[in-house]
Amino acid sequence: MLTTLSAAAVGDSPIIADMKRDADAGDIGRFEELISEMKVIGVSKSDPYYVKYYNMWLNTFNNPASTELQKAEAARVMMYCMSEGIGVKYDKELMKKYFNEARMRLDKLVKPGSPDRPEALYELYNLLRYYNSSDYGCSPDDYPDFRNMLRQSAEAGCLKAMTSYGINLIWNEERVTEGLAWIERAAKAGYIPAQTWLCRNLATGTVESGMGETIKRDSEKSVYWGEKCWRHDTMCADEMAANYFYGRGTAPNYSMALECLTGRYATDDLDYSTEHTYMLACIYAKLGETGEALNIFNRLFGPDGAAAYDNWETTGYYIGKGYYDGIAVPRDYAKAVKYLTKASEYGEDMYKAKALLSKCYRFGRGVTKNVAKANRLVREAREGSADAIDIDEIIGK
């Protein structure tokens, strides 16, 4: 077995383990990253790190050395924790108290000439965005123009606001070019959430239908930002693993692809996604660990050796691709056709399966050559898939 990242605690990926270590040392930024990851993973809201997170902000609020802006942010975050039951029980009366504590401070800090105005505008915007109601002793009429606070905060140089404002322009107003420019400004200033957002979204581009202006896939920029930040975000590590493995935006780098994948998953975790299992098997094969490659590839089949064929809608494409490519296992076009045919009938990867199966029919690999059927499969794949670039990548155009 090749040595990759340092061993993590059982149940934690190296990335999560590093976040916990830094959070325990009092790094607020890393604690925020950890909480974001825990939400994505679906960790229980009573988890000790959620409790620690709430208590960290409670201590900030009660600390006489904290600035007024820090106290306001702490009050807002504690309100959020209570509303979501994150590390603390819901308490409506206490939420009202913290709302007024935050509002009182932020009303002063957003005044022109205040050195804290950029960040205070962002904090007040977020406070009012969720809690601007009579339930908290506030009327929407008290802040009729509060939605412009996000733009004002971004224009004043707040990196959090630049990122949020850019995302808002992209998803809510379809002003993609302008929105990307704001996010890139924050990313260039070293703001990690902006960097991870760019890495993830530029890796795939916009696949939603019905949008006006769309995000164009830009693998080179995805790699540029991902190299700076993938250790801070497991989804970014996913994209960078694929970039390094497939050679998207950079030359193939199997050692780095392995580092990204093993950084993303726990050392004792066998529950890799089907694509990641396929990638991991191929990576080990490319690095000369053929025995380990075969062991990992066989995970796709399940314990009885046939389960995957019964669950072809989630695993069939990658098993078929494995036999077609002949990297992790010996090439066997007949087996590739078998699994790709099943996977092309239904499932999350059916259009990818159609595209790869078309190559089998076009060149007579594992099946009688049939160009007409190959063309039909390509047409169905392109018409059905939301991502034409993926389909073109598979068929080699």
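Structural notes, computed from the coordinates.

Thresholds applied
- Residues numbered from 1 in each chain as written.
- Predicted model: local features only at pLDDT ≥ 70, side-chain atom pairs only at ≥ 80, totals over all residues.
- Heavy atoms only, no water.
- Helix = DSSP H or I, 4+ residues; strand = E, 2+ residues; numbered from the N terminus.
- Buried < 20%, exposed > 50% of the residue type's maximum accessible area, 1.4 Å probe, protein only.
- Contact = heavy atoms within 4.5 Å.
- Areas by Shrake-Rupley, 256 points an atom, 1.4 Å probe, with all protein chains shown as cover.
- Patch = residues over 30% accessible without salt bridge, like charges linked within 9 Å, V, L, I, M, F, W, Y side chains within 5 Å.
- Salt bridge = Lys/Arg side-chain N within 4 Å of Asp/Glu carboxyl O.
- Phe/Tyr/Trp six-rings, centres within 6.5 Å; stacked < 30°, edge-to-face > 60°.
- Lys NZ or Arg CZ within 6 Å of the ring centre and 35° of its normal.
- Expected span 1.5 Å × (residues − 1).
- Polar contact = N/O pair within 3.5 Å; in protein donor to acceptor, adjacent residues only side chain to side chain.
- Axes fitted to C-alpha atoms, helices over the stretch in contact; angles between N-to-C directions.
- Parallel < 35°, antiparallel > 145°, perpendicular 65-115°, else oblique.
- Left-handed = near helix turned anticlockwise from the far one by under 90°.

1. A closer look at the overall build of the protein chain
So, point 1. Helix and strand counts for the protein chain stand at 21 helices and zero strands.
So, point 2. The proportion of buried residues among the 397 residues of the protein chain is 48%.
So, point 3. Sequence-distant contacts in the protein chain: of pairs separated by 6 or more residues, those separated by 24 or more amount to 53%.
So, point 4. Split by element, the accessible area of the protein chain, about 18700 Å² in all, is 49% carbon and sulfur.

2. Regarding a nonpolar patch on the surface
So, point 1. Together, V40, I41 and M235 make up an exposed nonpolar region whose accessible area comes to about 270 Å².
So, point 2. Along the chain, the position of I41 falls in helix α2 (residues 28-41).

3. Examining the packing of aromatic side chains
So, point 1. Counted according to the given criterion, the structure contains 19 aromatic pairs.
So, point 2. Look at Y130 and Y131: their rings are 6.2 Å apart centre to centre, the planes differ by 50°, and that puts the pair in the tilted class.
So, point 3. An aromatic cluster is built from F245, Y246, Y254, Y278, Y317 and Y318, whose rings are joined through pairwise contacts.
So, point 4. Over the ring of Y136 we find K92; its NZ or CZ atom is 5.6 Å from the centre of that ring.

4. What about helix α19 (residues 350-363)?
So, point 1. For α19, which comprises 14 residues, the first-to-last C-alpha distance of 20 Å matches the rise-based estimate of 20 Å (1.5 Å per residue) to within 8%.
So, point 2. For α19, a buried count of 10 out of 14 residues is recorded, marking the element as mostly surrounded by other parts of the structure.
So, point 3. Within the sequence span of α19, burial applies to M350, A353, K354, A355, L356, L357, S358, K359, C360 and Y361.

5. Let's talk about the side chain of R248
So, point 1. Assignment of secondary structure puts R248 in the loop between α12 (234-246) and α13 (254-264).
So, point 2. Engagement of the side chain of R248 in a polar contact is seen with the side chain of E393, the distance being 2.7 Å.
So, point 3. The residues touching R248, leaving out its near neighbours within four places in the chain, are S219, V223, A242, N243, D390 and E393.

6. A short note on the pattern of salt bridges
So, point 1. What the rule picks out here adds up to 25 salt bridges.
So, point 2. Among the ionic pairs, K96 bridges to E93, the shortest N-O distance being 3.6 Å. In this pair, K96 and E93 are both assigned in helix α5 (residues 92-109), three residues apart and thus about one turn of the helix distant.
So, point 3. Across the salt bridge formed by R175 and E178, the nearest N and O atoms sit 2.8 Å from each other.
So, point 4. Using a relative accessible area of 32% as the deciding quantity, one classes E178 as partly exposed.

7. Quick word on helix α1 (residues 14-24)
So, point 1. Where burial is concerned, most of α1 is hidden: eight out of the 11 residues are buried.
So, point 2. Buried within α1 we find P14, I15, I16, A17, M19, K20, D22 and A23.
So, point 3. Among the structural elements, α2, α3 (48-62), α12 and α13 are those in contact with the buried residues of α1.
So, point 4. Backbone geometry just downstream of α1 places G26 in the positive-phi region, at approximately 95°.

8. Re the environment of P193
So, point 1. Here P193 is to be found in helix α10 (residues 192-204).
So, point 2. The spacing of P193 and I183 is 10 residues in sequence and 9.3 Å in space, taken between C-alpha atoms.

9. Here's the deal with the packing of α3 against α5
So, point 1. Interaxial distance between α3 and α5 falls to 14 Å at its minimum, and their mutual angle equals 50°. By the angle between their directions, the pair α3 and α5 is classed as oblique. When the axes of α3 and α5 are compared, the crossing they make is left-handed. Together, Y54, L58 and F61 of α3 and L94, Y98, E101 and R105 of α5 make up the contact between the two elements.

10. Points about the environment of L34
So, point 1. Tracing the backbone shows L34 in helix α2.
So, point 2. Between the C-alpha atom of L34 and that of H232, which follows or precedes it by 198 residues, the distance is 8.7 Å.
So, point 3. Those residues in contact with L34 that sit more than four places away from it in its chain are I16, M19, K20, A23 and Y49.

11. Observations concerning unusual backbone geometry
So, point 1. With a phi close to 60°, E174 is a non-glycine residue in the positive phi region.
So, point 2. Judged by its relative accessible area of 34%, E174 falls in the partly exposed class.

12. Details of the side chain of T262
So, point 1. Assignment of secondary structure puts T262 in helix α13.
So, point 2. Residue classification places T262 among the buried positions, given a relative accessible area of 14%.
So, point 3. Of note is the side chain of T262, whose polar atom sits 2.7 Å from the backbone oxygen of L258.
So, point 4. Among the polar contacts made by the side chain of T262, one reaches the main-chain carbonyl oxygen of E259 at a distance of 3.5 Å.

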